[in-house]
Amino acid sequence: MAGVSSCMKYSMFVFNFFFWIIGCIILGVSIWIRVSKDTQEEFKTDSSMVSAVNLLIAVGSVIMVLGFLGCCGAMKESQCMLLLFFIGLLMILLLQIIAGILGAVYKSQFEGVLNQTLEKEIDALKLATTKEKDILEGFHKLEIKYKCCGMLKGQSDWGQNLIPYHGCECNQTDIGTSYCVGKQYAKTCATVVMEIFKKNMVIVMGIAFGLAFIEIVGMVFSMTLYCQIQNK
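A short tour of the structure in this document, coming up. Counting restarts for each chain: residues are numbered from 1 in the order of the written sequence. In keeping with the model being predicted, local features are shown solely for residues with a pLDDT of at least 70 and side-chain atom pairs are shown and tallied solely at 80 or more, while totals for entire chains, interfaces and linings include all residues. With hydrogens and water set aside, each side-chain value is computed from the structure's full complement of heavy atoms.

1. Section: the state of the cysteines
For the record, the criterion: By convention in this document, the label disulfide applies to cysteine sulfur atom pairs within 2.5 Å. Strands here are runs of E lasting at least two residues and helices are runs of H or I lasting at least four, both read from the DSSP assignment and numbered beginning at the N terminus. Burial classes follow relative accessibility: with a 1.4 Å probe on protein chains only, a residue under 20% of its type's maximum area counts as buried, one over 50% as exposed, and anything between as partly exposed.
Scanning the entire structure with this criterion turns up one disulfide. Sulfur-sulfur distance for the disulfide between Cys148 and Cys189 comes to 2.0 Å. Judged by the torsion about the S-S bond (80°), the Cys148/Cys189 disulfide is right-handed. On the criterion of sequence distance, the pair formed by Cys148 in the loop between helix H6 (133-146) and helix H7 (162-165) and Cys189 in helix H8 (residues 189-199) is long-range, its members being 41 residues apart. In this pair, the class of Cys148 matches that of Cys189, namely buried. Sulfur of Cys24: no disulfide; nearest cysteine sulfur belongs to Cys71 and is 10.0 Å away.

Quick look at the structure:
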């Protein structure tokens, strides 16, 4: 009977050890960001950051568990662990494929839902009183950060709060640039965010394909080692 290849076994261990280290780094950094007092103010003004950090915590946890299963499965020659590792990677790969397909098919619906969400944010901004300074000042900081005016309709999104909080007014350093017309930002925040998203799509796709390649390599390693242990 053929034995287990030492080269394959240790290659699998090294591959998954780095996989586990990456998971630890992602998990540790994301937890630190989540509990850091310095980022709490950012979370108040941008709720999407909370979701992004929570997602990173989940991703880091999954990578850690899979890396652990791969390392232990290789060194202990455990078919059960290797099979769990293979199934975990397969499920992640399938989820990536499904997410890509759904993203392409439901792109227009996604934009519609995004607009509805932004309209709710606009209502909250218009109804905010001068006592709710965190909402008003936070939104203006968002405008300065992304060099934009309002959510969807520009200056009118501020409602009655426009004058006391100088909504859409450009930062001094932006006056005279293409972002600023007169003393107000030209583009709406929704437009700017969509432009940033489209520019980064190539990077996102590259990362997705890179992850898919790593996952396929891991699946090949684990299944090859699994078969060698079975034939031992």
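Continuing now.
2. What about helix H9 (residues 201-230)?
Counting along an α-helix, one turn takes 3.6 residues, and residues three or four places apart therefore face a common direction. To keep it simple, the criterion reads: One fewer than the residue count of a helix, multiplied by 1.5 Å, yields its expected span.
The end-to-end C-alpha distance of H9, which contains 30 residues, comes to 43 Å, matching closely the 44 Å that a straight helix rising 1.5 Å per residue would cover. When we look at burial in H9, the residues that qualify are Ala212, Glu215, Gly218, Met219, Ser222, Leu225, Tyr226, Gln228 and Ile229.

3. A few points about the packing of aromatic side chains
We apply this condition: Each aromatic pair joins two rings of Phe, Tyr and Trp (for Trp, the six-membered one) with centres within 6.5 Å, and gets the label stacked for planes under 30 degrees apart, edge-to-face for over 60, and tilted for any other angle.
Scanning all chains against the criterion turns up five aromatic pairs. Taking 6.0 Å as the distance between ring centres and 35° as the angle between the ring planes, the aromatic pair formed by Phe15 and Phe221 counts as tilted. Residue Phe15 is located in helix H1 (residues 6-35), and its partner Phe221 is located in helix H9; the two are separated by 206 residues in the primary sequence. An aromatic cluster of at least three residues, connected via ring pairs, comprises Phe13, Phe17, Phe18 and Trp20.

4. A word on H1
Compared with the 44 Å implied by 1.5 Å per residue over 30 residues, the 43 Å span of H1 between its first and last C-alpha is a close match. Buried residues of H1: Met8, Lys9, Met12, Asn16, Phe19, Gly23, Leu27 and Ser30, and no others.

5. Observations concerning the environment of Gly154
Worth spelling out the cut-off: By definition, residues are in contact when any of their heavy atoms lie within 4.5 Å.
Among the secondary structure elements, Gly154 is positioned in the loop between H6 and H7. Taking the C-alpha atoms as reference points, Gly154 and Cys168, separated by 14 residues in sequence, lie 7.8 Å from one another. Once residues lying within four places of it in the same chain are set aside, the contact partners of Gly154 are Cys149, Cys168 and Thr188.

6. What to know about the nonpolar core
Applied cut-off: Here, nonpolar core means buried Ala, Val, Leu, Ile, Met, Phe, Trp, Tyr and Cys residues that are tied together by side-chain atoms lying within 4.5 Å of each other.
Grouped together as the largest cluster of nonpolar side chains are 17 residues, with contacts concentrated most on Met12, Leu82, Phe85, Leu89 and Leu225. Dropping the residues within four chain positions of it, Leu89 is found in contact with Phe19, Leu66, Glu215, Gly218 and Met219. In terms of nonpolar packing, the next biggest core, distinct from the first, is built from five residues, Cys149, Cys170, Cys180 and Tyr185 among them.

7. Brief notes about the environment of Ser30
Cut-off, in case you're wondering: Polar contact is the term for a pair of N or O atoms within 3.5 Å; when the atoms are in protein, one must be able to donate a hydrogen and the other to accept it, and sequence-neighboring residues count only if both atoms are side-chain atoms.
Inspection of the secondary structure assignment puts Ser30 in helix H1. By relative accessible area, which is 1% here, Ser30 ends up buried. Sequence separation of Ser30 and Ala58 is 28 residues, and the distance between their C-alpha atoms is 9.4 Å. Setting aside residues no more than four positions away along its own chain, Ser30 makes contact with Val53, Leu56 and Ile57. Polar contacts involving the side chain of Ser30 include one to the main-chain carbonyl oxygen of Ile26, which spans 2.7 Å. Here the side chain of Ser30 touches Leu27 through a polar contact of 3.0 Å, landing on its backbone oxygen.

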